[in-house]
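# A closer look at the structure
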Amino acid sequence: MRLTPLGKREWLTILLIAAGLIGLFIWLQIWWPIAIVVIIAFCLCAFFRDPERNTPVRRNIMVAPADGVISSIHEVEHFEAFGEGATCVRIFLSVLDVHINRSPCHGLVGPLTGKQGKYLNALNPKSAEVNTWSMFPLLHPTKKHPIAAVRQVSGMIARTIVCTAKEGDILQRGERFGLIKFGSTTELYIPKSFQPKVLVQMRQRVWGGETEMIEVLPPGEAGAVKEKAADETPRQSD
């Protein structure tokens, strides 16, 4: 089981405590608690597992930024990072899910923003609005306009948000950029001008960097598609 270096402090602490307890029980010649310590240590370290993923290569696809279950699909009338409306797909991460966050697409990291807030249970719909969060937009690498945004939201247990992405970084689709320790919520926002087509459903399980979640049609390509369709339309004979 590969463990993420983003949680190295935590899983090293878990392993050291487990090793100390096992040594103590061996010295006391009490054998049955050793199995319990091993199981608990394994489960705690599993929070920080970091599996490899097969990221799709199909064009104009946004992949899931996290493992979990789709908890909301909704429209936002005005999303400040885009300056227009947006489609939001929210993923709930339980304590059993992989907690690594991955980039939904290839893009340039824009300004990082965040807000200190509450730590409500992530199952509470209000938590996504009032809990502590961190967010950054992904911009087109050359045109610099926003193409997506990812927001990491804390929860009741998950109180530590790790984001290694920095403004100006280039992220590839499926590339790791952070971690929410012990679960919570990750959201993906897409500008309405990209005509987002949601490919997932409520309560569907998704896998970060692997599940195709939204198909987009960038504004520049929309006109080209219409022109191509017009050219391919059979002309009626006189």
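Okay, so let's go over this structure.

Thresholds applied
Residues numbered from 1 in each chain as written. Predicted model: local features only at pLDDT ≥ 70, side-chain atom pairs only at ≥ 80, totals over all residues. Heavy atoms only, no water. Patch = residues over 30% accessible without salt bridge, like charges linked within 9 Å, V, L, I, M, F, W, Y side chains within 5 Å. Areas by Shrake-Rupley, 256 points an atom, 1.4 Å probe, with all protein chains shown as cover. Salt bridge = Lys/Arg side-chain N within 4 Å of Asp/Glu carboxyl O. Helix = DSSP H or I, 4+ residues; strand = E, 2+ residues; numbered from the N terminus. Axes fitted to C-alpha atoms, helices over the stretch in contact; angles between N-to-C directions. Parallel < 35°, antiparallel > 145°, perpendicular 65-115°, else oblique. Contact = heavy atoms within 4.5 Å. Nonpolar A, V, L, I, M, F, W, Y, C, P; charged D, E, K, R; others polar. Expected span 1.5 Å × (residues − 1). Buried < 20%, exposed > 50% of the residue type's maximum accessible area, 1.4 Å probe, protein only. Pairing = 2+ DSSP bridges. Core = buried A, V, L, I, M, F, W, Y, C linked by side-chain atoms within 4.5 Å.

Turning our eyes to something else, we now look at a nonpolar patch on the surface. A grouping of Ile17, Leu21, Leu24, Trp27, Leu28, Ile30, Trp32, Ile36, Ile40 and Leu44 is seen on the molecular surface, where their side chains present a nonpolar patch of about 1000 Å² in accessible area. Listing elements by their share of the nonpolar patch, those giving two or more residues are helix 1 (8–28) and helix 2 (32–46). The biggest single contributor to the nonpolar patch is helix 1, with 5 residues. With respect to the helices and strands, the residue tryptophan 32 is situated in helix 2.

What follows covers the packing of helix 1 against helix 2. Relative to each other, helix 1 and helix 2 sit at 175°, their axes nearing to 10 Å. Between helix 1 and helix 2, the angle is such that the two are roughly antiparallel. Residue-level contacts link Trp11, Ile14, Leu15, Ala18, Leu21, Ile22, Phe25 and Ile26 of helix 1 to Pro33, Ile34, Val37, Val38, Ala41, Leu44 and Cys45 of helix 2. Taken together, the residues of the contact of helix 1 with helix 2 sort by class into 15 nonpolar, no polar and no charged.

Quick look at helix 2 now. Helix length check: helix 2 (15 residues) gives 22 Å between terminal C-alpha atoms against 21 Å at 1.5 Å per residue, within 8%. Within helix 2, burial applies to Pro33, Ile34, Val37, Ala41, Cys45 and Ala46.

So, on to the sheet that holds strand 9 (residues 161–163). Think of a sheet as strands paired side by side through backbone hydrogen bonds, with each pair either parallel or antiparallel. Spatial strand order, 4-11-9: 3 strands in an open sheet with antiparallel pairing. Since the sheet does not close on itself, it has two edges, and those belong to strand 4 (100–102) and strand 9, each with one partner. Strand after strand, the sheet turns through a mean of 25° between neighbouring axes, direction not considered. As judged from the 3 bridges shared by strand 9 and strand 11 (residues 176–180), these two strands associate in the antiparallel manner. Pairing of valine 162 across the sheet is with leucine 179, part of strand 11.

On to unusual backbone geometry. The phi angle at glutamine 29 is positive, at roughly 60°, despite the residue not being glycine. The residue glutamine 29 is located in the loop between helix 1 and helix 2 in this model. Phi at arginine 203 takes a positive value of approximately 70°, unusual for a residue other than glycine. Among the structural elements, arginine 203 can be located in the loop between strand 13 (197–198) and strand 14 (205–206). Looking at arginine 203, the relative accessible area reads 61%, which means it is exposed.

The next subject is the pairing of strand 7 (residues 133–139). Extensive coverage of strand 7 is indicated by the burial of 7 of its 7 residues. Burial along strand 7 is two-sided: Trp133, Met135, Pro137 and Leu139 and Ser134, Phe136 and Leu138, pointing in opposite directions, are all buried. Relative to strand 7, strand 5 (residues 107–109) runs antiparallel, the two sharing 2 bridges. Following the sheet pairing, valine 109 is matched in strand 7 by leucine 138. Bridge count for strand 6 (residues 113–115) against strand 7 is 3 bridges, and the pairing is antiparallel. Directly across from lysine 115, in strand 7, lies its bridge partner tryptophan 133. Pairing geometry for strand 7 and strand 8 (residues 146–153), over 7 bridges, is antiparallel. Considered in strand 8, the bridge of methionine 135 is made with arginine 151.

In this section: the nonpolar core. Counting residues in hydrophobic clusters, the biggest one holds 25 residues, and the most contacted among them are Met62, Ile91, Leu138, Leu188, Ile190, Met213 and Ile214. Of all the elements in the fold, those that place two or more residues in this core are strand 3 (84–93), strand 7, strand 8, strand 12 (184–191) and strand 15 (212–215). In contact with leucine 188, other than residues within four places in its own chain, are Met62, Val63, Pro65, Thr87, Cys88, Val89, Pro104, Ala148, Ala149, Val150, Met213 and Ile214. Of all hydrophobic cores here, the second largest spans 15 residues; its members include Trp11, Val37, Cys45 and Leu179.

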